[in-house]
Amino acid sequence: MEQLNWWLLPVVAIIPLIVGFVWYQPNVFGKAWLKSAEITKERAQSGNILIFFGLAYLFSILAAYMLAMITVHQTGIAQLFFMDPIMEDANSEAMKLITSLRDNFGDRHRTFGHGFIHGIEAGLLFGLPLIGIVTLFERRSFKYAIIHIGYYMLCFGLMGGILGAYL
């Protein structure tokens, strides 16, 4: 198996920005989101857009990193021995085992579809509890939660698919 393409993380972090641009358009879910969030169109358009998008991109890089750990199972092999001195010795039993596993099984489950499924799961299993809790305590509508959870499931699915296939 080749070296992982970590440069892909900032690339896939663009996906939530693109999907969000479409998802939150007035003709898609934008009007329903504004109504369920009790936000006026004017308020939604106020503020420093560069800060909003810059921070959203930074948070998306963090999400991409988390998704890489979930969608690319091969990253877990080396994590077993992370920071262990035996990782410095290419002839250690652990390194021989890791190399053997990567050589024999390194590309297993490395497809867009596999990563997409894990991304959808992450969107549902992380998004639903987090957004659900916020929705409950902010006294928002069920529609509010569904709009955001759907967004994260789609974003994480696409991000996970690309990471699974190309990371």
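The shown structure was predicted, so the numbers you read here are calculated from the model rather than taken from an experiment.

Q: Tell me what's going on with the overall build of the protein, and back it up with residues and numbers.
A: Helix and strand counts for the protein come out as nine helices and zero strands. In the protein, the succession of helices and strands from N to C terminus is α-α-α-α-α-α-α-α-α. Taken over C-alpha atoms, the radius of gyration comes to 19 Å for the protein, far larger than the 15 Å a tight globule of 167 residues would show. Dimensions of the protein, computed from the C-alpha atoms along their principal axes, are close to 65 × 30 × 25 Å. Counting across all 167 residues of the protein, residues that qualify as buried make up 34%. Residue pairs in contact within the protein that sit at least 24 positions apart in sequence constitute 80% of those at least 6 positions apart. Here the protein has roughly 10,700 Å² of accessible surface; of this, 68% comes from carbon and sulfur atoms. Computed over 11 positive and 11 negative side-chain charges, the separation of the two mean positions in the protein equals 19 Å.

Q: Pulling in residues and values, what's your account of a nonpolar patch on the surface?
A: A cluster of nonpolar side chains, contributed by I49, L50, I51, F52, F53, L55, L58, F59 and L62, occupies part of the molecular surface with about 930 Å² of accessible area. Looking at where L58 falls in the secondary structure, it is placed in helix α5 (residues 49-71). Exposure remark for L58: the relative accessible area of 44% places this residue in the partly exposed category.

Q: Please set out the nonpolar core residue by residue, giving values where relevant.
A: Grouped together as the largest cluster of nonpolar side chains are 24 residues, with contacts concentrated most on V12, F156, M159, L163 and L167. Listed by contribution, the elements that provide at least two residues to this core are α1 (8-12), α2 (15-23), α3 (26-37), α5 and α9 (142-166). With seven residues, α9 is the single largest residue contributor to this core. The contacts of F156, once residues within four sequence positions are left out, are A63, M66, L67, G119, I120, A122 and G123.

Q: Lay out the pattern of salt bridges in plain terms, naming residues and giving numbers.
A: For the structure shown, the criterion picks out one salt bridge. A salt bridge links E138 to R140; its shortest N-O distance comes to 3.2 Å.

Q: Which residues make up the packing of α2 against α9, and what values go with them?
A: Viewed as axis vectors pointing N to C, α2 and α9 meet at an angle of 140°, and their least axial separation amounts to 10 Å. The interaxial crossing formed by α2 with α9 has right-handed handedness. Residues I15, P16, V19, G20 and W23 of α2 form the contact with α9, whose participating residues are I147, G150, Y151, L154, C155, L158, M159 and I162. Tallied by class, residues from the contact of α2 with α9 come to 11 nonpolar, two polar and no charged.

Q: Explain the packing of aromatic side chains residue by residue, including any values.
A: Counted under the stated rule, the structure contains eight aromatic pairs. Put simply, the rings of W23, Y24, F29, W33, Y151, Y152 and F156 touch in pairs and so form one group of aromatic residues. The ring centre of Y144 lies 5.4 Å from the NZ or CZ of R140, which sits over that ring.

Q: Any details on the environment of E138? Residues and values, ideally.
A: With respect to the secondary-structure elements, E138 resides in the loop between α8 (112-137) and α9. E138 sits 10 residues away from L128 along the chain, and the two C-alpha atoms are 15 Å apart. Side-chain polar atoms of E138 contact the side chain of R140, separated by 3.2 Å.

The rules behind the values
Residues numbered from 1 in each chain as written. Predicted model: local features only at pLDDT ≥ 70, side-chain atom pairs only at ≥ 80, totals over all residues. Heavy atoms only, no water. Helix = DSSP H or I, 4+ residues; strand = E, 2+ residues; numbered from the N terminus. Rg over C-alpha atoms; globule rule 2.2 N^0.38 Å. Buried < 20%, exposed > 50% of the residue type's maximum accessible area, 1.4 Å probe, protein only. Contact = heavy atoms within 4.5 Å. Areas by Shrake-Rupley, 256 points an atom, 1.4 Å probe, with all protein chains shown as cover. Lys, Arg positive; Asp, Glu negative; His and termini not counted. Charge placed at Lys NZ, Arg CZ, Asp CG, Glu CD. Patch = residues over 30% accessible without salt bridge, like charges linked within 9 Å, V, L, I, M, F, W, Y side chains within 5 Å. Salt bridge = Lys/Arg side-chain N within 4 Å of Asp/Glu carboxyl O. Core = buried A, V, L, I, M, F, W, Y, C linked by side-chain atoms within 4.5 Å. Axes fitted to C-alpha atoms, helices over the stretch in contact; angles between N-to-C directions. Left-handed = near helix turned anticlockwise from the far one by under 90°. Nonpolar A, V, L, I, M, F, W, Y, C, P; charged D, E, K, R; others polar. Phe/Tyr/Trp six-rings, centres within 6.5 Å; stacked < 30°, edge-to-face > 60°. Lys NZ or Arg CZ within 6 Å of the ring centre and 35° of its normal. Polar contact = N/O pair within 3.5 Å; in protein donor to acceptor, adjacent residues only side chain to side chain.

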